[in-house]
Amino acid sequence: MAAAGPRGRGGRAAPAAVALRLAVLLGAVLGSAQAAVYFQEQFLDGDNWQKRWMNSEYKPDLGKFKLTAGKFYGDPVRDKGLQTSENSKFYAISSRFKPFSNKGKTLVIQYTVKHEQKIDCGGGYVKIFSSDLDQKNLSGDSRYYIMFGPDICGSETKKVHVILNYKNKPHPIKKLIRCKVDGYTHLYTLIIRSDQTYEVKIDNKKVASGNLEDDLDFLPPKKINDPSVRKPTDWDDRIQIDDPHDIKPEDWDEPEYITDTSAKKPEDWDAAVNGEWHHPMVKNPLYRGEWKPRQIDNPNYRGVWPHPQIDNPNYSPDFSIYSYENIGIIGLDIWQVRAGTIFDNFLITDDEVYAEDFGDETWGETKGPEKEMNVKQIEEEQEKERVIEEEYLKQRFKKKLKRNKESGKDRAVRNTEKEEL
């Protein structure tokens, strides 16, 4: 399925600029003429998106999505996307497309995420499903092929998920990939190639790459320790040892608690009720803990013993880890404490170049104006706060002057009365 190039900005331009732009777009179209675009969603037709996306009904209180460009944006139309609108809710929505297989081909999954609410805990990832998914019952228990995108929760979790299903079991990437947390729109791209390599890009820049078999635990290891070989008994792998010349001081041993002989039995102590009275125990100020000899470098240290390895008899290569059959649904199945995330510019294709051009023509063109609008809003808000604070201080000053004048009149009256007396 061939696809047209991404939409550009509207408006009039100089003839030379128009000619240059047409040349660039023509080159992009010709360069990606063979690109298969399986899914592309930019929400440019208003409320018609509701005909293409289906809300899950697996529970009655799921959060609702709305179409909006948010509080700040680069383009009021092109930046419209699906925004979470209710705090502390699960969200589940999906869209169906013509099923395909990525066997023997590259698979590119791309979209934009904008956490304009400065999210504290919530998901921003997408899931790719088989076409036989029951969309009305989409939930966290629904089996997916691929899960990809940012996840944020507190100060500990700020990462990009890359989880691939293999033999009905999800396998997360072993690398830590940091996501963006600045509140602006960012472009996330996952590339899975038929040579079983992958690449993750944020804002069209590579942030991680590698081999699927190496970076996700799909298969048993190729090599294992030889079970027939054991570490030699004389192999010393202790880095440090006790100093044989260090001797415990004679006055070291002191009990941790001692009897408080200064305590006296209460006068109202009833032995029949409370039992026999004993002096309480208190922390011994001379207690120094368990004595241990100081540590010194082990002169016989030989390092970590290299266990000989052999081929793992349980290992069997699989050159189809990357591929999935009947790919047909993309979905958002997330939890958010503070709502406000906007998802937009979804793309599933087999062409890395087309995906990069699409990112540049969408996110790339609106990211600058979006930031400018946000900065302007912040400055205007700060100016409003400054005016309000100045007015508040002015009113306080006026009230203080009034009180001082009134107190001055009172003092003058009192002084006059004293003089008369």
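These numbers come from a predicted model, not from an experiment. (Residues numbered from 1 in each chain as written. Predicted model: local features only at pLDDT ≥ 70, side-chain atom pairs only at ≥ 80, totals over all residues. Heavy atoms only, no water.)

Trainee: Tell me about unusual backbone geometry, and name the residues and values.
Mentor: Backbone phi values are negative for most residues with the exception of glycine, while trans is the configuration of most peptide bonds. Not every positive phi belongs to a glycine, and Asp 203 is a case in point at roughly 60°. Assignment of secondary structure puts Asp 203 in the loop between β13 (197-202) and β14 (205-211). Its relative accessible area of 14% is what places Asp 203 among the buried residues. The phi torsion at Asn 326 lies on the positive side, around 60°, for a residue other than glycine. In this structure, Asn 326 sits in the loop between β20 (309-311) and β21 (327-336). (Helix = DSSP H or I, 4+ residues; strand = E, 2+ residues; numbered from the N terminus. Buried < 20%, exposed > 50% of the residue type's maximum accessible area, 1.4 Å probe, protein only.)

Trainee: Any chance you could break down the pairing of strand β4 (residues 81-84) for me, citing the residues and the numbers?
Mentor: Pairing analysis gives 4 bridges linking strand β3 (residues 65-68) to β4, with the strands arranged antiparallel. Note that in β4 the partner of Leu 67 across the bridge is Leu 82. (Pairing = 2+ DSSP bridges.)

Trainee: Outline the state of the cysteines, supporting the account with residue identities and numerical values.
Mentor: In total, this model carries 1 disulfide according to the counting rule given. At a sulfur-sulfur separation of 2.1 Å, the disulfide partner of Cys 121 is Cys 153. Across the S-S bond of Cys 121 and Cys 153 the torsion is about -80°, and the bridge reads as left-handed. Of the two residues, Cys 121 is situated in strand β7 (residues 121-123) and Cys 153 in strand β9 (residues 146-153); the sequence distance between them amounts to 32 residues. The exposure class assigned to Cys 121 is buried, which follows from its relative accessible area of 17%. (Disulfide = S-S within 2.5 Å.)

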